[in-house]
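# A structural walkthrough
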Amino acid sequence: MSFTNGPKPSTQFLVARADFLVPLSDYHKDEERIVDGYVLCEGDKIKESGHFTTEIGERILKECGHSLTVVGAEQGKETGEKIPRMKAVILPGFIKAHGHDHEATVIGLCKDVPLVDWLDGVINPFTNFLREKGPELEKHFGKPANLIAYRKARVDDLSYGITAALTHHCNFNKYYTDLLVQANVEAGTKMIAAIGSQDRNYDPRVLDIPAELATQRLDKFYEQCKDAPRTQIIPGPDQVFSNSEEILKVEKEWARQHGTLIHIHSAEEYNTTQWFREKYKMTEVEFLESFGFLDENTMVAHQVHCTEHDIDLLAKYKVKVVHNPLANTILGSGMPDIISMLEKGVDVAISTDGSGSADNQNIIAAARCASQYQRALHHNARLIPAKQALEMITRVPAKMLRMNAGQIAPGFDADIAILDLSRINMIPTTKENVIENIIWAADGSEIGWVVANGVLVRDNYKFTQVDVNEILKEIQELQAMYLDYVSKTTILKATGARTDD
């Protein structure tokens, strides 16, 4: 499959200046709150950043000439500044270490139920709807319906300043990874596509039996997508409970041979976790450890229900954990003690999960929720302060995902989120409280400008590279068609413990 290169910078250079720069970088380690900060990008990389001065501005204008895009240039019309100081804070683009792009269509559906009821009640029926009615839907829309869902997810991410993501592509979606990659390329974002698998305790229509079906699918999309920019294919077995030792071994070997991460859901929901322990006489982490699955290239999403021994194993093997507080609380799955994980040296990132369970991609809200819960759990208001929470949605997941992002410093990818400080809830913001206000005062909708790989993809709240009105119109219609379909369909209950019923 041939992929276009997607959006490219309209000029060689791009500069943004704002009241504050929060770089979260080692390069600026002594300047975590820079007043009157700026960042200059050349192509898809950051060229320089720091405190802005008149001399720096004059040099940039002289050296870059007409090959310069000025973010917020319209604000300079009032002040006469050619590089205006925006009432905003410049941040690294946020990085989502776990999510599901197909769920953008089913927000608000099948709520107030636990995980397995939700999976059987909406996720499996919806993804099967896209598969079963695929030709009919494509004829109606003039494009694959899966692509509509994945395009909406890219818009959701950028709305909240997310410029890079690991997308866990499970269920029937795993057959349409090429369309997921297409949506990512079009949007100009970065993506690791973790392709799912299941061979037990799940909807029989998606089981990969024999196990080689999973690696054959990985080989297929790895080859098809090898030239897709800003995209990587890795194994993403769905849940521990839905993948046997046999299939996990072959996928782990595939990851080793290709030098990639491997990503899996683990110990997410209480009842399912208890059922697993009773059925298999070990925890999910102990199960993975028993055949050599755990190492520094293993990422687990959720890991809500941990024993102390589980945390010791995660630390021993340097396994990465992705915490998803919005989905975990909405689905009533529980919340992990991530403080114990951090104290034992386990790397933990904060993410949103999919929009079907979290109902949005507000990653600032996820960071706030994570901090609030741990403070309440441990009766300690000093836990996960604002800067640490911010790092857990930027530089921490960047390191996990091996991305040259998550920090604002020369040489890093030009992924930037600019948060509007003129909004009522953000006033007053000063050097003393700018980081705290991002986590505690912002509602997440203040991201007015986004730069992804050097391209200004969102300018003063408007998308510059995609037709967002068309995307929203199609996603509204697609949900209506799904609701009509599901009203006439028998729901199959086949997830987790339900397979024993």
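Every chain's residues receive numbers from 1 upward, in the order its sequence appears when written. Per-residue local features of the predicted model are confined to residues with pLDDT of at least 70, and side-chain atom pairs are confined, for both listing and counting, to 80 or more; whole-chain, interface and lining totals are unaffected and use all residues. To obtain the side-chain values, all non-hydrogen atoms of the structure were used and water was disregarded.

## Some words on the overall build of the chain
Stated precisely, the cut-off is as follows: Labels follow the DSSP assignment, with helices taken as runs of H or I lasting at least four residues and strands as runs of E lasting at least two, numbered in each case from the N terminus. Only C-alpha atoms enter the radius of gyration, while the globule expectation follows 2.2 Å times N to the 0.38, with N the number of residues. Accessible area is worked out with a 1.4 Å probe on protein chains only. A residue is then buried under 20% of its type maximum, exposed over 50%, and partly exposed in between. Accessible areas in this description were obtained via Shrake-Rupley with a 1.4 Å probe; residue shielding takes into account the shown protein chains only. Counted as positive: Lys and Arg. Counted as negative: Asp and Glu. His and the chain ends are not counted at all. In plain terms, the charge of a residue is placed at NZ if it is Lys, CZ if Arg, CG if Asp and CD if Glu.
In terms of helices and strands, the chain carries 19 helices and 17 strands. Relative to the globule expectation of 23 Å for 501 residues, the C-alpha radius of gyration of the chain, 22 Å, shows essentially globular dimensions. Over its C-alpha atoms, taken along the principal directions, the chain stretches across nearly 70 × 55 × 45 Å. Taken across its 501 residues, the chain has 61% of its residues classed as buried. Carbon together with sulfur atoms contributes 49% to the accessible area of the chain, which is approximately 18900 Å² in total. Across the chain, the mean location of the 54 positive side-chain charges is 2 Å away from that of the 71 negative side-chain charges.

## What to know about the sheet that holds strand E11 (residues 298–302)
Using the following cut-off: At least two bridges found by DSSP between two strands are what make those strands a pair. All axes are obtained by fitting lines to C-alpha atoms, using only the stretch in contact for helices, and the reported angles, taken between N-to-C directions, cover 0 to 180 degrees.
In space, the four strands of this open sheet follow the order E10-E11-E12-E13, with parallel pairing throughout. Each edge of the sheet is formed by a strand with only one pairing partner; in this case those strands are strand E10 (262–266) and strand E13 (348–350). Each neighbouring strand pair of the sheet contributes to a mean axis angle of 25°, computed without reference to strand direction. Taken together, the three bridges between strand E12 (residues 320–323) and E13 define a ladder with parallel strand orientation. Across the sheet, Val321 pairs through a bridge with Val348, a residue of E13.

## Notes on the packing of helix H4 (residues 134–141) against helix H19 (residues 468–486)
For clarity, the threshold we go by: Here a crossing is called left-handed whenever its near helix is offset anticlockwise from the far helix by less than a right angle, and right-handed whenever the offset is clockwise. Throughout, a residue-residue contact means that at least one pair of heavy atoms, one from each residue, lies within 4.5 Å.
The contact between H4 and H19 brings their axes to 12 Å, and the two run at 145°. Crossing handedness for the pair H4 and H19: right-handed. Residues Leu137, His140 and Phe141 of H4 form the contact with H19, whose participating residues are Glu474, Glu477, Leu478 and Met481.

## Some remarks on the layout of surface pockets
Worth spelling out the cut-off: Think of a 1 Å grid over just the protein atoms. A cavity is a set of points where a 1.4 Å probe fits yet cannot get out, a pocket is an open set with protein on both sides within 12 Å along at least five of seven lines, and lining residues have an atom within 4 Å of a point. Grid points are joined across faces, edges and corners, and a volume is the space filled by probe spheres set on the points. All amino acids are sorted into three groups, where Ala, Val, Leu, Ile, Met, Phe, Trp, Tyr, Cys and Pro are nonpolar, Asp, Glu, Lys and Arg are charged, and the leftover types, Gly among them, are polar.
Its volume calculated, the largest pocket comes out at about 250 Å³. If you trace the largest pocket, you find 15 residues lining it, with Asp347, Val348, Arg395, Val396 and Lys399 closest to the centre. For the lining of the largest pocket, the leading source of residues is helix H17 (residues 395–400), giving five residues. Of the residues in the lining of the largest pocket, the class split is nine nonpolar, three polar and three charged. Estimates place the volume of the second largest pocket at around 180 Å³. For the second largest pocket, the lining is made up of 16 residues, of which Arg151, Glu186, Val466, Asp467 and Ile471 are closest to its centre. Counting only elements with at least two residues in the lining of the second largest pocket, the list comes to helix H5 (145–159), helix H6 (177–187) and H19. The element best represented in the lining of the second largest pocket is H5, accounting for four residues. Classifying every residue of the lining of the second largest pocket gives eight nonpolar, one polar and seven charged.

## Some thoughts on the UniProt feature "domain: Amidohydrolase-related" (unreviewed entry) in the chain
The line we're drawing: UniProt positions are given in the numbering used here, feature names are shortened, and annotations may be inferred rather than shown by experiment.
Within this numbering scheme, the UniProt entry marks residues 89–435 as carrying the feature "domain: Amidohydrolase-related" (unreviewed entry). Between the end C-alpha atoms of residues 89–435 the distance is 9 Å, and the span holds 44% helix and 15% strand.

## Overview of the pairing of strand E1 (residues 13–21)
Counting buried positions over the nine residues of E1 gives nine, a clear majority of the element. In this sheet, strand E2 (residues 34–42) lies alongside E1 in antiparallel orientation, the contact comprising eight bridges. Of the residues in E2, the one forming a bridge with Ala18 is Gly37. Sheet analysis places E1 next to strand E5 (residues 86–92), joined by three bridges and oriented parallel. Following the sheet pairing, Ala18 is matched in E5 by Met86.

## Comments concerning the side chain of Asn171
Rules: What qualifies as a polar contact is a pair of N or O atoms within 3.5 Å, subject to a donor-acceptor requirement within protein and to the restriction that residues adjacent in sequence count only when both atoms come from side chains.
Topologically, Asn171 is positioned in the loop between strand E7 (162–169) and H6. Of note is the side chain of Asn171, whose polar atom sits 2.5 Å from the side chain of Tyr202. Among residues more than four places away in sequence, those in contact with Asn171 are His102, Ile123, Asn124, Thr127, Gln198, Tyr202, Val206 and Asp238.

## Considerations on the nonpolar core
Stated precisely, the cut-off is as follows: Buried Ala, Val, Leu, Ile, Met, Phe, Trp, Tyr and Cys residues form a nonpolar core when they are joined through side-chain atoms within 4.5 Å.
By size, the foremost hydrophobic cluster in this structure holds 112 residues, and its most contacted members are Val89, Phe94, Leu390, Leu419 and Leu478. The dominant element in this core, judged by the number of residues it contributes, is helix H3 (residues 115–132), at eight residues. What Phe94 contacts, discounting residues up to four positions off in sequence, is Tyr160, Gly161, Ile162, Thr163, Ala164, Ile363, Ile364, Leu390, Ile393, Thr394 and Ile447. Ile90, Ile416, Ile418 and Leu456 belong to the second largest nonpolar core, which has 21 residues in total.

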